[in-house]
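Architecture at a glance
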Amino acid sequence: MKVSLFITCLSDALYPRVGEAMVRLLAKYGVALELPSVQTCCGQPAFNSGYWKEARESASTIIAAFEDADFVISPSGSCTFMIHHYPKLFEDDPVMLEKALQLQAKAYEFTQFLVQVLGVTDVGAQFPHKVTYHPSCHGSRLLGVKEEPLLLMERVDGLELVPLPFANDCCGFGGTFAVKMSDISGAMVTEKSDHVLETEAEVLVGLDMACLMNIAGNLRYRDKPVRVMHLAELLYEGVKGA
Amino acid sequence: MSATGTQAGGATVKERAELALNNDFLRKAVKFTTERLRAGKENAAADHGNWDDWRERGRQIRLHTIAHLDYYLNLFADNARANGVHVHFADTAAEAVKISLDIAKHAQAKTVVKSKSMVTEELHLNHALEEIGVEAIETDLGEYIIQLAGETPSHIIIPAIHKNRYQIAELLSADAGETLAPDTQVLAGFVRRKLREKFLEADIGMTGCNFAIAETGSMVLFENEGNARMVTTVPKTQITLMGMERIIPSFADLEVMATLLPRSATGQKLTVYMSGITGPRRDADADGPEEMHIVIVDNGRSLQLGDPEFQELLNCIRCGACLNACPVYRHIGGHAYGGTYSGPIGAVLTPALKKNVAEWDDIANASSLCGACYEACPVKIPLHEMLIYLRRRKLEAGRGDKMEALGMKGFAAVMSNAKRYRAVVKLGQLGQKLVVRDGGIRVKLGPLKGWNTYRVTPSLPKASFRQQWKTMEEEIRHGLQDMDPAVKSRMEQIVKDRESGKGGHGHHG
Amino acid sequence: MAKSEEHQSWLAELDAKSRAKQAGFIDGISGKLKRPRVTAPPAHPYRGAPDFWKAFEWPLEERIAKFQANFKAAGGHTERLASMEDARAFIAGKAAELSARYVIRQNQPELNGLGLEDAMPDAAFSVWNSDPQEHWKARAAEADFGIVVADYAAAYTGSVTVLSSKDKGRSVSLLPTVLMVIIPLERLHTRLGEILIDFDRAGREHLPAGIHFISGPSRSADIENDLTIGVHGPGVVYALLVG
């Protein structure tokens, strides 16, 4: 059984601690992740901006990198969902289309894999803090990862989950949107962190480092000491502490 | 008012959005109302139950009708004519205007009372009527207010969403010639009295059309105020302007639309009035129009037919739920979109109706692609994906930004080769030393200018995940637990199911 | 009003133009859909509400309770009355209470023998379209009370349905300040669909010019999303469930 890690650019370059948490947590369940070294980016920045030729180049790299994997796990609902766009990218290429469909069928976001495949909801963690959760749009709305993170957090000892007002609203990241429409994006992220601050939570947790980088960046800009982390990090830290 | 119906100033969405973002009142007003409408919709959908089944049903009915639009539209036209309606076909806005003016001239009309119609906004019909000396009076309360203000609607359902009661009191006081208190009852009371007279003296009543029933030739209107009923009951002549895609096959199908539309628009179980008008008054009747016209308008709609990426746009039932759900709309309001239709549906519909993506420059960029519009849509139109298609088509038309194109080429070169990718990460780790302070980057220069106006950018850690992988891998392999046999067999079953075509997990988007 | 000959010939000219244009307009659609024109009714497997919904029906008492709750939630008033005589007394009482001076009612058999006129001696009473010389829209517009008997009602949405005819003016349920709707209980259904299906069954030739579903008083939330009642249509609506 070959379970491969699709690390994603952000977790590779900026947030290696997220990948590490996933790897070490899954090892507890006998899953030895592999890291195909030829993987790069899912291609979403190019795809969403309309540069499909360029997106196809990225997509081909990813498809090749995971061709022989049985399961592909990533720490991002958004990058996982990008894989669901691959069939559309290759709709005129029957060979690649078939491969794209195969990859789509075996691609899982981290909590999806943990809950749906491993059947784990209680990782035996302890995390005595007030936490609020931002469900990222692509993961929750488009990929449909809604219950999994909540099930996992419910069973963390000491964790107090405070509902985030308007939780389902986009944080304003949107990839190149944050650069091209920086003022609209700025208004959105400011509103999102306002809601986070309203909860008085010590920790903001999520499943997508892009969104979390966005919100964390705004909180830091405003000198607000809210700790921002990926759920994998929280669980792993909680397991170590338990 | 410019030719595109823009009054918010600024040539681009970005500039108009900036104006809106700096208008604190507008932002608050729009936020307040959209939040209420959105909550109302969510409660109504939950209360009704099986919402996704209803959405799917609505989608299927719309898909079916549009896929057979030649049959159903033809049937509708024949039936409406058999009911005594004068049916007209207009390929373009200009043609629809010409037909309407011709009818107004022959009716020797001095005044036209109108109930809310987005199609007439699309045609700029009021302006055209005024040019031939016919007074066009909007009778929906919100429309009346923005007509006095000389503006266009900023929301499909709540046209004056961007105005508060004080601004409205000022407009209506000027209209009344006396000071009216900024009290909703007082203001609405004034409009009721004023428009009562207008209804009774008007020569023509003009409406849009929510749905047109092919099998009976009936047109259906949803409203809360009673003004659409006034307009279709009192004047001698009725003109209805309908988009060619408003068709549904039967009254049975109307039940599904009547379930989806009011709940999605305002959270109501049904609007206060739902009227089915089948032809002009019967000879023996003592009210209703003596003469009834229906103008069927294309104006770019048929361009979506046969286009697999955009045909579903014609399924739209104009409920406004996507506006209320959209985090971008909430911050910038409707006028920033610069067209008749605003919000996510406007961002797609405006360029699609004109097939001139490039001229609408950045309208498709004004979205974070969060998918809230799709989730809110009662007929499941994938607007978030259509926005990407629009961006792609703009590039295909050779109207992309040269610098961005160069950047994307570089992106592809890096991302198609892991070695190059690793080299770039390394370069970043070294290069950032110039700008990193205290583990973060705050400089507002170059590409980071907009981002860092609202945020601190994190610095790259010393070693990337890959750079740490070798050690990590050795450690985990060394202390690896045995896998639970039950889990192992489940994983094997999943792989087997997938190979036999049973498996694979779908997505919601 | 008979239209002038000139007007009629202009309309005939428009219709000829429209028929000529129709063929090309519709063919254009077929062309864009990249197939020959569809001329036979296509199979429509998704017609109407989902199947689970079509079987849904409340027992009478529940229909009454839900109708009342929904109608009230929309800002309307409801009363449950045992007989038409009780309805007459209720309406007369309200007319006296609100000092109604002008009253208009439909020319419906259920109302004709009821003696409403005698029960409201202080009001000027008109019966819709009972005199071809009368300006009926003006009579309805000046009325304080409009009285109609509903053709249908739906509990699930709290709606009444009124159909127009020679004897049933559209104005009577629209122009007066107060609307009184009498609903005989046997006309109260659960779902909208039970009513709508009758219009499909009746077919085009048998439909009235106006079919109106009314679900409470006229309202608007166009000013700051603040609910205002009685914007253009009746601001006070009573649904009287009789039987």
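Residues numbered from 1 in each chain as written. Chains lettered and ligands numbered in written order. Predicted model: local features only at pLDDT ≥ 70, side-chain atom pairs only at ≥ 80, totals over all residues. Heavy atoms only, no water.

1. So, the pattern of salt bridges
So the rule is basically this: The salt bridge definition used is simple: a Lys or Arg side-chain nitrogen within 4 Å of an Asp or Glu carboxyl oxygen. Counting from the N terminus, the helices are DSSP H or I runs at least four residues long and the strands are E runs at least two residues long. Burial classification: accessible surface area is computed with a 1.4 Å probe over protein chains only, and a residue below 20% of its type maximum counts as buried, one above 50% as exposed, and the rest as partly exposed.
The final tally for this structure, using the stated rule, is 62 salt bridges over all chains. For E309(B), the salt bridge identified is with K88(A), shortest N-O distance 2.9 Å. Linking E309(B) in the loop between β10 (291-297) and α13 (321-325) with K88(A) in helix α5 (residues 77-89), this pair reaches from one chain into another. Judged by relative accessible area, which is 10%, E309(B) ranks as buried. K88(A) sits in the partly exposed class, given a relative accessible area of 21%. One network of salt bridges, in which partners are shared, links K88(A), E91(A), D307(B), E309(B), R392(B), R393(B) and E396(B).

2. Overview of the UniProt feature "domain: LUD" (unreviewed entry) in chain C
Definition in use: UniProt positions are given in the numbering used here, feature names are shortened, and annotations may be inferred rather than shown by experiment.
In this structure's numbering, the residues bearing the UniProt feature "domain: LUD" (unreviewed entry) are residues 64-242 of chain C. Within the segment residues 64-242 of chain C, helix and strand shares are 28% and 28% respectively, and the terminal C-alpha atoms sit 10 Å apart.

3. A word on the packing of helix α2 (residues 16-27) of chain A against helix α7 (residues 110-117) of chain A
All names here are of chain A. The test is simple: Between the N-to-C directions of two axes lies an angle of 0 to 180 degrees, each axis being a line fitted to C-alpha atoms and, for a helix, fitted only over the stretch in contact. Angles below 35 degrees are treated as roughly parallel, those above 145 as roughly antiparallel, those between 65 and 115 as roughly perpendicular, and all remaining angles as oblique. Residues count as neighbours in contact if any of their non-hydrogen atoms are within 4.5 Å of one another. In this count, Pro and Cys sit with the nonpolar residues alongside Ala, Val, Leu, Ile, Met, Phe, Trp and Tyr, while Asp, Glu, Lys and Arg are called charged and the others, Gly among them, polar.
As a packed pair, α2 and α7 sit with axes 12 Å apart at the nearest point and diverge in direction by 10°. As summarised for this structure, α2 and α7 are arranged roughly parallel, according to the angle between their axes. Contacts between α2 and α7 involve M22, L25 and L26 on the former and, on the latter, F110, F113 and L114. Tallied by class, residues from the contact of α2 with α7 come to six nonpolar, no polar and no charged.

4. Overview of the interface of chain B and chain A
For the record, the criterion: For any pair of parts, buried area is found by adding up, for both, the accessible area (1.4 Å probe) each one loses once the two are put together. Any pair of nitrogen or oxygen atoms within 3.5 Å is treated as a polar contact; in protein, a donor-acceptor pairing is required on top of that, and neighbouring residues in sequence qualify only through side-chain atoms on both sides.
Between chain B and chain A, the residue contacts involve 92 residues of the former and 93 residues of the latter. At the boundary of chain B with chain A, total buried surface from both sides reaches about 7900 Å², with 61% on carbon and sulfur atoms. On inspection of chain B and its partner chain A, the count reaches eleven salt bridges. Across the pair R141(A) and E375(B) runs a salt bridge, and its minimum N-O distance is 3.0 Å. One can count 37 residue pairs in polar contact (both at pLDDT 80 or more) joining chain B with chain A. A breakdown of the residues in the side of chain B that touches chain A according to their chemical character gives 40 nonpolar, 23 polar and 29 charged.

5. Here we look at the sheet that holds strand β9 (residues 210-214) of chain C
To keep it simple, the criterion reads: When DSSP finds two or more bridges between a pair of strands, those strands are recorded as paired.
Taken in spatial order, the eight strands of this open sheet run β8(B)-β5(B)-β6(B)-β9(B)-β9(C)-β6(C)-β5(C)-β8(C), and their pairing is mixed. Pairing within the sheet leaves two strands with one partner each, and these edge strands are β8 (247-248) of chain B together with β8 (188-189) of chain C. As judged from the four bridges shared by strand β6 (residues 159-163) of chain C and β9(C), these two strands associate in the antiparallel manner. Each residue of the ladder has a partner; that of L163(C), found in β9(C), is I211(C).

6. Quick word on the state of the cysteines
Residue and element names in this part refer to chain A. Let me state the cut-off plainly: By convention in this document, the label disulfide applies to cysteine sulfur atom pairs within 2.5 Å.
Per the stated rule, a full pass over the model turns up zero disulfides over all chains. Left unpaired, C41 is separated from the closest cysteine sulfur, that of C9, by 3.7 Å. C41 sits in the buried class, given a relative accessible area of 4%. Among the cysteines around C170, which has no disulfide bond, C137 carries the closest sulfur, lying 4.2 Å off. Assessed through its relative accessible area of 7%, C170 is described here as buried.

7. Remarks on empty space enclosed by the protein
It is a probe the size of a water molecule, rolled over the atoms, that shows where empty space is left. Residues and elements named next belong to chain B. Counted only if it meets this: Grid spacing is 1 Å over the protein atoms alone, the probe is 1.4 Å, and a cavity is where that probe fits but cannot get out, while a pocket is an open set with protein on both sides within 12 Å along at least five of seven lines and lining residues have an atom within 4 Å of a point. Grid points are joined across faces, edges and corners, and a volume is the space filled by probe spheres set on the points.
This model, assessed by the stated rule, comprises twelve cavities of 30 Å³ or more. The wall of the largest cavity is formed by 17 residues, among which C326, P344, S367, C373 and L387 lie closest to the centre. Those elements that place two or more of their residues in the lining of the largest cavity are α14 (327-332), α15 (343-354), α16 (372-376) and α17 (383-396). At three residues, α15 tops the list of elements feeding residues into the lining of the largest cavity.

8. Section: the domain arrangement of chain C
Formally: The domain limits used here are those given by an automatic or database domain assignment.
Looking at chain C, the domain boundaries give domain 1 (1-41) and domain 2 (58-242). A straight line from the C-alpha centre of domain 1 of chain C to that of domain 2 of chain C covers 38 Å.

9. Focus: the confidence of the model for chain C
Where we set the bar: pLDDT gives the predictor's per-residue confidence on a scale running from 0 to 100.
Chain-level statistics for chain C give a pLDDT mean of 96 and a share of 99% at 70 or above. Here the prediction assigns the complex a pTM of 0.95, and the interface score ipTM is 0.97.

10. As for the nonpolar core
We apply this condition: What is meant by a nonpolar core is a set of buried Ala, Val, Leu, Ile, Met, Phe, Trp, Tyr and Cys residues, joined one to another through side-chain atoms within 4.5 Å.
With 177 residues, the main nonpolar core has Y86(A), L254(B), F67(C) and F199(C) as its most contacted residues. At eight residues, helix α12 (residues 251-266) of chain B tops the list of elements feeding residues into this core. Setting aside chain neighbours within four positions, we find F67(C) in contact with T78(C), A153(C), A154(C), A155(C), G158(C), S159(C), V160(C), I183(C), L188(C), A239(C) and L241(C).

11. A few points about the packing of helix α3 (residues 51-67) of chain B against α12(B)
All names here are of chain B. Our working rule: By definition, turning the near helix anticlockwise from the far helix through less than a right angle yields a left-handed crossing, and turning it clockwise yields a right-handed one.
In the contact formed by α3 and α12, the axes pass within 10 Å of each other and the chain directions differ by 120°. Regarding the angle of α3 to α12, the classification is oblique. Read as a crossing pair, α3 and α12 show a hand that is left-handed. Contacts from W51, W54, R55, R57, G58, I61 and R62 of α3 reach α12 at D253, V256, M257, T259, L260, R263 and S264. When the residues that make up the contact of α3 with α12 are grouped by side-chain class, the tally is six nonpolar, three polar and five charged.

12. Re the interface of chain B and chain C
Listed per partner, the contact involves 116 residues of chain B and 91 residues of chain C. Overall, the association of chain B and chain C removes approximately 8800 Å² of surface from exposure, summing both partners, and the carbon and sulfur fraction of that is 55%. Seen at the junction of chain B and chain C, the total is five salt bridges. In this structure, the salt-bridge partner of E224(C) is R165(B), at a minimum N-O distance of 2.8 Å. Taken together, chain B and chain C are joined by 64 residue pairs in polar contact (both at pLDDT 80 or more).

13. Side note on the side chain of S164(C)
As for its position among the elements, S164(C) is in the loop between β6 and β7 (178-184). Assessed through its relative accessible area of 7%, S164(C) is described here as buried. Beyond its immediate sequence surroundings of up to four residues, S164(C) is in contact with D285(B), R170(C), P208(C), A209(C) and G210(C).

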